[in-house]
Amino acid sequence: MTNTEQDRWSRVKGRLRSSVGEDVYTSWFARMDLESVQEESVRLSVPTRFLKSWIQAHYAERVLTCWQAEMPEVHRIDLTVRTAMRCAAPAKEALGGSPLDPRLTFGSFVIGRSNTLAHAAARQVAEGRRGDSVMFNPLYIHAGVGLGKTHLLQAVTWAGNSGSERKVLYLTAEKFMYGFVAALKTQTALAFKEALRGIDVLVIDDLQFLQGKSTQAEFCHTLNALIDAGRQVVIAADRPPSDLESLDDRVRSRLAGGLVVEMGSLGEELRLGILKSRVAAARAHHASFDVPAPVLDYLARTITHNGRDLEGAINRLLAHSKLNAQPVTLEMAEREVRDLIRPQEPKRIKIEDIQRVVARQYNVSRSDLLSSRRTANVVRPRQVAMYLAKTLTLRSLPEIGRRFGGRDHTTVLHAVRKIEALVAKDAALCEEVESLKRQLQE
Ligand code: ADP
Ligand code: MG
């Protein structure tokens, strides 16, 4: 790919990011790559079938528009699924696990403040033996994109399957869904269930993608059956159980009933550690590759977003130094990773924070906001809080209703419209709302 194509692709991604917002972008587009540009058509790739169908169903137009803004002659976007070079997981019977990346082991996992607890819990799970009593079940790890969830889950799987008599099965939620749907089609659903229930540790990645009533019901049965039988379940998702909107309450509470651990953003020291571990891994195959300490420091300081970009940075330096047979310098690094350096991500605002700040501002209690009281001094703050929840978070109306004492989504919609209308004509309220937003975004 030429440099102009790369630059253009970076700009298209920039447009896409500002068009759909940071959260949506990282969920769906962070792993989209440019394969080729040919006259009127652009070929893009994503790592999974699921991402492909989701993007096609929901964002096809948007992606095309962003391309056309850079290249008006583009008329078609082809989206393909990349096949990664990966080795298969240790053999499994009826049910095949998702592919495992041989690099994602405990050995290459760098421990830092933000992941100490998650790492310790994962290790504990991996070291368990058949028949041991299970300490926390399920182990539920959540974190934003690129903060090491998959790495940790695959490490558990590798470690668990090496040498022990236990069977550890790693599945993405997507694989779980497709497996189940496929099994239903071929009427082997029973065999699928049996196979699932016959394993010692079930590891499920990216649970936020689990969709559809029947798969969820099946997931719920499987979870209950495994946990009741004393088998270990490990789950990763990009949000806590309480925010998995599409799951029903019973599953949510079951998920929250084990150990829930969050992995925070990667601190600078941890980022440096990850970079070093990546360089060391690359040097195993390319002995002449070296990244001087000042370059590592520079990368760790500036690429703050996530582990995927750190990995990407090292890959680029490696490619560049190989292709041009040049040593890595600070100047080259600055040029090569320019587009990986992002402005600080805006703070993620939680509904609880909104309720707290609004309650404080209007001198009511948080439980007043959630209550069914209808006196004016509570109704208005409640509506303001719902309005802020709709505008400052990505939560859906039904979810917001649920978080405000189990209200209907039409009530939330009414509140949002009401405040929108009032803000447009009431300068004092408008200023109040703006001030609340500032407090929340600080
Ligand atoms: P997630 O599944 O949370 O989106 P990944 O596990 O895929 O994130 O991590 C993204 C990249 O960052 C991978 O290359 C992974 O190896 C690396 N990474 C993240 N955290 C760590 C860590 N603590 N130690 C080593 N590598 C890490
Ligand atoms: Mg992942």
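**Student:** How would you summarise the side chain of Gln 355 if you had to cite specific residues and measurements?
**Tutor:** With respect to the helices and strands, the residue Gln 355 is situated in helix α14 (residues 351–362). For Gln 355, the contacting residues outside a window of four places in its chain are Arg 366, Leu 369, Leu 370, Arg 403 and Phe 404.

**Student:** Break down the side chain of Glu 22 for me, with residues and values.
**Tutor:** Tracing the sequence through the fold places Glu 22 in helix α2 (residues 22–29). A residue is classified by how much of its surface remains accessible, and Glu 22, at 18% relative accessible area, is buried. Engagement of the side chain of Glu 22 in a polar contact is seen with the side chain of Arg 17, the distance being 3.5 Å.

**Student:** If you had to explain helix α9 (residues 249–256) to someone new, which residues and values would you point to?
**Tutor:** Of the residues making up α9, those classed as buried are Val 251, Arg 252 and Leu 255. Each buried residue of α9 lies within a common arc of 100° when the element is viewed along its axis, so the set occupies one face. Elements that come into contact with the buried residues of α9 comprise β4 (139–142), α8 (213–228), β7 (232–237), β8 (259–262) and α17 (397–403). Structurally, the start of α9 carries an N-cap: the backbone nitrogen of Arg 250 is 3.0 Å from a side-chain oxygen of Asp 248.

**Student:** With reference to specific residues and values, describe the sheet that holds β7.
**Tutor:** Reading across from one edge, β5-β6-β7-β4-β8 is the order of the five strands in this open sheet, with parallel pairing throughout. The sheet is open, and its two borders are formed by β5 (168–172) and β8, each paired with just one other strand. Each adjacent strand pair in this sheet contributes to an overall mean axis angle of 15°, direction not counted. With four bridges joining them, β4 and β7 adopt parallel strand pairing. From the neighbouring strand, Leu 139 faces β7, where its bridge partner is Val 234. Here helix α4 (residues 116–127) sits on the sheet in contact with β4, β6 (201–205), β7 and β8, set at roughly 145° to β4.

**Student:** Give me the pattern of salt bridges: which residues, what numbers.
**Tutor:** Under the criterion given, the structure shown has 24 salt bridges. Ionic pairing is found between Glu 311 and Arg 103, a salt bridge with its closest N-O pair at 3.3 Å. Placement of the pair is Glu 311 in helix α12 (residues 307–323) and Arg 103 in the loop between β3 (76–81) and α4, with a sequence separation of 208 residues. Relative accessible area serves as the criterion here: at 41%, Arg 103 is assigned to the partly exposed category. As a salt-bridge pair, Asp 249 and Arg 252 come within 2.5 Å of each other at their nearest N and O atoms. Of this pair, Asp 249 and Arg 252 both sit in helix α9, three residues apart, roughly one helical turn. Asp 249 gets classed as partly exposed once you look at its relative accessible area, which sits at 48%.

**Student:** Can you explain the environment of Glu 39? Please cite residues and give values.
**Tutor:** Tracing the backbone shows Glu 39 in the loop between β1 (33–38) and β2 (41–46). Between the C-alpha atom of Glu 39 and that of Gly 144, which follows or precedes it by 105 residues, the distance is 37 Å. Apart from residues lying up to four places away in sequence, Glu 39 is in contact with Met 71 and Glu 73.

**Student:** Help me get a handle on the sheet that holds β1, residues and values and all.
**Tutor:** Pairing in this open sheet of three strands is mixed, and the strands run β1-β2-β3 from one edge to the other. The strands lining the two open edges of the sheet, one partner per strand, are β1 and β3. On average, each strand axis in the sheet is inclined to that of its neighbour by 20°, with strand direction left out of account. Sitting on the sheet, helix α3 (residues 49–70) touches β1, β2 and β3, and the angle it makes with β3 is about 155°.

**Student:** Tell me about the environment of Leu 340, and name the residues and values.
**Tutor:** As for its position among the elements, Leu 340 is in the loop between α13 (330–336) and α14. Overall, Leu 340 belongs to the buried group, its relative accessible area being 9%. Considered as a pair, Leu 340 and Gly 148 are 192 residues apart in the sequence and their alpha carbons are 18 Å apart. Once residues within four sequence positions are removed from consideration, Leu 340 is found in contact with Ile 303, Asp 309, Gly 312, Ala 313 and Arg 316.

Scoring rules and cut-offs
Residues numbered from 1 in each chain as written. Chains lettered and ligands numbered in written order. Predicted model: local features only at pLDDT ≥ 70, side-chain atom pairs only at ≥ 80, totals over all residues. Heavy atoms only, no water. Helix = DSSP H or I, 4+ residues; strand = E, 2+ residues; numbered from the N terminus. Contact = heavy atoms within 4.5 Å. Buried < 20%, exposed > 50% of the residue type's maximum accessible area, 1.4 Å probe, protein only. Polar contact = N/O pair within 3.5 Å; in protein donor to acceptor, adjacent residues only side chain to side chain. Arc of directions from axis to C-beta. Pairing = 2+ DSSP bridges. Axes fitted to C-alpha atoms, helices over the stretch in contact; angles between N-to-C directions. Salt bridge = Lys/Arg side-chain N within 4 Å of Asp/Glu carboxyl O.

By themselves, these are just geometric observations and shouldn't be taken as functional.
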